Amino acid sequence: MKEKWWQKATVYQIYPRSFKDSNGDGKGDLPGIIEKLPYLKELGVDVLWLNPVYASPMVDNGYDISDYYSINPEFGSLADLRQLLETAHSLGLKLIMDLVVNHTSDQHPWFKEARKSKDNPYRDYYLWQPASPDRMPNNWKSFQGTSAWTYDERTKEAYFHIFDAKQPDLNWKSPRLREEIYQMIRYWLDFGLDGFRLDAISHLQKEAWDFKIQFWEGDGPWAPFMNVSGIEAYMADLKEIFDQYGVMTVGEASGVSSKQAPAWTDEKTGFISMIIEWEHNRRTPDNQGDVAGLIAVLKRWQEDLSERGWNALYLENHDIPRIISAFGDGSQGCAKAFAVAYSLLRGTPFIFQGQELGMTNGQFESADEIDSNSIKLAYQDLLEKGMSEEDALTQATQWSRDHARLPMQWDCSPNAGFTTGQPWMKVNDNYKTINVQAQLADKDSLFHLYQRLIELRHQDTVVSQGTFQALETGQDKVFAYHRHLHDVSYLVIVNLSGEDLGLDLSDLDLADWQEVALFNRPLLLKSELTLPGYDYHVYCRSKN
Ligand code: TEU
Ligand code: CA
């Protein structure tokens, strides 16, 4: 099968509010992104993914859309977006945007109409059920842990929302609603976008309202809207549009298992190009990142999609803490080990802004510095349980999405060069050492390692196309695997812990491996050896 362009590509995720501010209002914007395109070109990435920049009251930082066709003035104008697209294209960069169609903002004109009366023409764009203030239609919970229903006094019914009450879910059973959405998708593809990241796409279909939640089963409280049967018809409609334009689509599809993912992402018959899985974001009982669990999940996804289907590969995004803080020791060495371990897997790597610098979690000194609504609630909850302010702040923010949303660290000038004004989120204290300027000046930096990994995927079909095979080492915090195509193999061995670990490589045929220089000290392969903490090695061999 002919290689698709995104199979050699690396995606760079931009969180617009925190990337680069051009007008001193403390918030990143589209002109700021345009200004930094040469930097992204130097890194070597192929695709930019922008988190939502559509019109929005910003209750969920843009994931609450009030008009799909216009741009939030905070980010700039439609003309700015057009200029960003054109400049990106002229540099050989593609641009994809978020497509948020599970829900809208409660300020969207459709919802404002819908809530007016039961016979309003827009009523069935959303999900309504008879209710009373103290009796909701069922006991389903939103992702925030509260009821998935909000009672609306005006029509004495409740509407359904799996996220915030200000983000009512759309009713995909309505043919008119679906047609409006499909039209909107065509508008953006005609505009020239190269694809979409499909937000929360596996939740479009809901079970019947009398569905009983089995708390002991896999998806627990969220089972009634996780990849529910019937979603296939909507996905097939979407696929038809995406295929007409030949665009790249990456679905945030929790609830789609690694066994189902090959069918979802099959090159011909799949609904979308690739899937963002959620399973590897695991914690140990003491609330640290579970490194062994992360490796086990990534391995399983690699194995289950080894012959058919395609993975999106990521360690960070705007919803989770920085990988090296949550799963490591926060050092640059740790960041390099994680970079190598995931960048050489089969799939399309995604880099979240600042990941290429080894940006770390922030320090929250007071509750005012929290942005996330659910973290604010968690903090209050801990205070009410009697915890001290300091401990509550530490515990509540440990896994907060806020860490990822701290401003990008460009240089060592005030506010890390992100803004000349007052940044909307506090800049991390470590910006004077961890920043773009410093990384560019150091040829052994993490930035330059990412540059090489991106380039390797461009040039080498073993990396882009090869099969995946895990290698047993007797250590569950060591990620070791082969990539193989025709007569060429790569061997990747990475210690994702900070400790020296003894490896048992008796399963490995030791002959003929040549180490690929990736800025690390050489290590001679033997059937038993000690691998220092965060050490990484890549070998290659060809058999004629
Ligand atoms: O996140 C969605 C999200 O986190 C769930 O769909 C996820 O599948 C589930 O929690 C896994 O257990 C996206 C965006 O990334 C996030 O920023 C938005 O707040 C959210 O959608 C609502 O649009
Ligand atoms: Ca701005």
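Use the structure listed above.
Every value quoted in this text rests on a predicted model; they were computed, and no experiment measured them.

### Looking at the nonpolar core
No. 1: Membership of the largest hydrophobic core comes to 142 residues, with the highest contact counts inside it found for Tyr12 and Ile181.
No. 2: Core analysis: the second largest hydrophobic core is formed by 15 residues, Leu491, Leu508, Trp513 and Leu525 among them.

### Some details on the packing of aromatic side chains
No. 1: Inspection of the entire model under this criterion finds 35 aromatic pairs.
No. 2: With centroids separated by 5.6 Å and ring planes inclined at 65°, the aromatic side chains of Trp128 and Tyr159 adopt a geometry described as edge-to-face. One end of the pair, Trp128, is in strand S6 (residues 128-130); the other, Tyr159, is in strand S8 (residues 157-160), with 31 residues separating them in the sequence. In terms of burial, Trp128 and Tyr159 fall into one category: buried.

### Topic: the sheet that holds strand S20 (residues 536-542)
No. 1: The five strands lie next to each other as S14-S15-S16-S20-S18, forming an open sheet whose pairing is antiparallel. Every interior strand has two partners, whereas the edge strands, strand S14 (467-470) and strand S18 (514-515), have only one.
No. 2: Here four bridges tie S14 to strand S15 (residues 478-485), and the two strands are oriented antiparallel to one another. Bridge pairing in S15 places Ala470 opposite Tyr481.
No. 3: In this fold helix H10 (residues 332-343) packs onto S15, strand S16 (488-495) and S20, with an angle of close to 150° to the strand it touches most, S16.

### Thoughts on the site of ligand 1
No. 1: Lining the immediate environment of ligand 1, one finds 16 residues, of which Asp60, Asp199, His203, Ser254 and Asp319 sit closest.
No. 2: Between ligand 1 and Asp199, the relevant distance is 2.8 Å, taken from an oxygen atom to a side-chain nitrogen or oxygen of the residue.
No. 3: Contacts to ligand 1 include His203, whose side-chain N or O atom sits 2.8 Å from an oxygen atom.
No. 4: Burial of ligand 1 by the protein amounts to 89% of the accessible area it has alone, namely 510 Å².

### Regarding a negative patch on the surface
No. 1: Taken together, Glu472, Asp504, Asp507 and Glu528 make up a surface patch of like negative charges.
No. 2: Mapped onto the elements, Glu528 comes out in strand S19 (residues 528-531).

### Describing the packing of helix H5 (residues 175-191) against helix H6 (residues 231-245)
No. 1: Their axes nearest at 11 Å, the elements H5 and H6 cross at an angle of 20°. Taken as axis vectors, H5 and H6 run roughly parallel relative to one another. In this structure, the crossing between H5 and H6 has a hand that is right-handed. Residues Arg178, Tyr182, Ile185, Arg186, Leu189 and Asp190 of H5 form the contact with H6, whose own contacting residues are Tyr234, Asp237, Leu238, Ile241, Phe242, Gln244 and Tyr245.
No. 2: Here the residues of the contact of H5 with H6 sort into eight nonpolar, one polar and four charged.

### Considerations on empty space enclosed by the protein
No. 1: Counted by the stated rule, this structure contains seven cavities of 30 Å³ or more.
No. 2: Considering only enclosed or pocket space, the largest cavity measures out at about 50 Å³ in volume.
No. 3: Lining the largest cavity are Gln13, Trp49, Ile276, Tyr314, Glu316, Asn317 and Phe350.
No. 4: For the lining of the largest cavity, the residue count by class is four nonpolar, two polar and one charged.

### Looking at the coordination of the calcium ion (ligand 2)
No. 1: The calcium ion (ligand 2) binds to the protein through Asp21 (OD), Asn23 (OD1), Asp25 (OD), Lys27 (O) and Asp29 (OD); the donor distances cover 2.3 to 2.4 Å.
No. 2: Counting gaps between the donor residues of the calcium ion (ligand 2) yields the pattern D-x1-N-x1-D-x1-K-x1-D.
No. 3: Taking the relative accessible area as the measure of exposure, Asp29 reaches 2% and is therefore buried.

### Regarding the pattern of salt bridges
No. 1: Going through the model one piece at a time under the given rule, you end up with 26 salt bridges.
No. 2: For the salt bridge of Arg17 with Glu74, the shortest nitrogen-to-oxygen distance reads 2.6 Å. Here the residue Arg17 occupies a position in the loop between strand S1 (11-14) and helix H1 (30-35), and Glu74 occupies one in the loop between strand S4 (67-71) and helix H3 (78-90), the gap between them amounting to 57 residues. Each member of the pair, Arg17 as well as Glu74, carries the same accessibility label: buried.
No. 3: Between Asp509 and Arg541 there is a salt bridge, with the nearest N and O atoms lying 3.5 Å from each other.

### Some words on helix H12 (residues 389-397)
No. 1: Within the sequence span of H12, burial applies to Ala392, Leu393, Ala396 and Thr397. All buried residues of H12 lie within an arc of 105° about the axis, which places them on one face of the element. Seen from the buried face of H12, the exposed residues on the opposite side, beyond 90 degrees, are Glu390 and Thr394.
No. 2: In this fold, the buried residues of H12 make contact with helix H11 (373-384).

### Observations regarding the pairing of strand S17 (residues 501-504)
No. 1: Across the two faces of S17 the burial differs, with Leu501 and Leu503 buried and Gly502 and Asp504 not buried at all.
No. 2: Looking at chain direction, S17 and S19 are connected through four bridges and run antiparallel. By the bridge assignment, Asp504 is partnered in S19 with Glu528.

### Concerning the side chain of Asn120
No. 1: With respect to the secondary-structure elements, Asn120 resides in the loop between helix H4 (109-114) and S6.
No. 2: Here the side chain of Asn120 touches Glu113 through a polar contact of 2.9 Å, side chain to side chain.
No. 3: One polar contact links the side chain of Asn120 to the main-chain amide nitrogen of Tyr122, over a distance of 2.8 Å.
No. 4: When near neighbours in sequence (up to four residues on either side) are disregarded, Asn120 contacts Glu113 and Ala114.

### Quick look at H6
Since one α-helical turn is 3.6 residues long, residues separated by three or four positions face the same way.
No. 1: The end-to-end C-alpha distance of H6, which contains 15 residues, comes to 22 Å, matching closely the 21 Å that a straight helix rising 1.5 Å per residue would cover.
No. 2: Looking only at H6, the buried set comprises Ile231, Tyr234, Met235, Leu238, Lys239, Ile241 and Phe242. All buried residues of H6 fall inside an arc of 165° around its axis, so they share one side. Exposed residues on H6 whose side chains face more than 90 degrees from its buried face are Glu240 and Gln244.
No. 3: Those residues of H6 that are buried are in contact with H5, strand S9 (195-198), strand S10 (248-252) and helix H7 (261-265).
No. 4: Backbone geometry just after H6 places Gly246 at a positive phi near 60°.

### Quick notes on the packing of H11 against H12
No. 1: At a minimum axis separation of 9 Å, H11 and H12 run at an interaxial angle of 145°. When the axes of H11 and H12 are compared, the crossing they make is right-handed. Counting all contacts with H11, which are made through Ile375, Ala378, Tyr379, Leu382 and Leu383, the residues of H12 involved are Glu389, Ala392, Leu393, Gln395, Ala396 and Thr397.
No. 2: In terms of residue class, the contact of H11 with H12 is made up of eight nonpolar, two polar and one charged.

Rules behind the numbers
Residues numbered from 1 in each chain as written. Chains lettered and ligands numbered in written order. Predicted model: local features only at pLDDT ≥ 70, side-chain atom pairs only at ≥ 80, totals over all residues. Heavy atoms only, no water. Core = buried A, V, L, I, M, F, W, Y, C linked by side-chain atoms within 4.5 Å. Buried < 20%, exposed > 50% of the residue type's maximum accessible area, 1.4 Å probe, protein only. Phe/Tyr/Trp six-rings, centres within 6.5 Å; stacked < 30°, edge-to-face > 60°. Helix = DSSP H or I, 4+ residues; strand = E, 2+ residues; numbered from the N terminus. Pairing = 2+ DSSP bridges. Contact = heavy atoms within 4.5 Å. Axes fitted to C-alpha atoms, helices over the stretch in contact; angles between N-to-C directions. Near = heavy atom within 4 Å. Polar contact = N/O pair within 3.5 Å; in protein donor to acceptor, adjacent residues only side chain to side chain. Areas by Shrake-Rupley, 256 points an atom, 1.4 Å probe, with all protein chains shown as cover. Patch = residues over 30% accessible without salt bridge, like charges linked within 9 Å, V, L, I, M, F, W, Y side chains within 5 Å. Salt bridge = Lys/Arg side-chain N within 4 Å of Asp/Glu carboxyl O. Lys, Arg positive; Asp, Glu negative; His and termini not counted. Charge placed at Lys NZ, Arg CZ, Asp CG, Glu CD. Parallel < 35°, antiparallel > 145°, perpendicular 65-115°, else oblique. Left-handed = near helix turned anticlockwise from the far one by under 90°. Nonpolar A, V, L, I, M, F, W, Y, C, P; charged D, E, K, R; others polar. 1 Å grid on protein atoms, 1.4 Å probe; cavity = no way out; pocket = protein on both sides within 12 Å on 5 of 7 lines; lining within 4 Å. Points joined across faces, edges and corners; volume = space filled by probe spheres on them. Donors = N, O, S within 2.8 Å, 3.2 Å for Na, K, Ca; no water. Arc of directions from axis to C-beta. Expected span 1.5 Å × (residues − 1).

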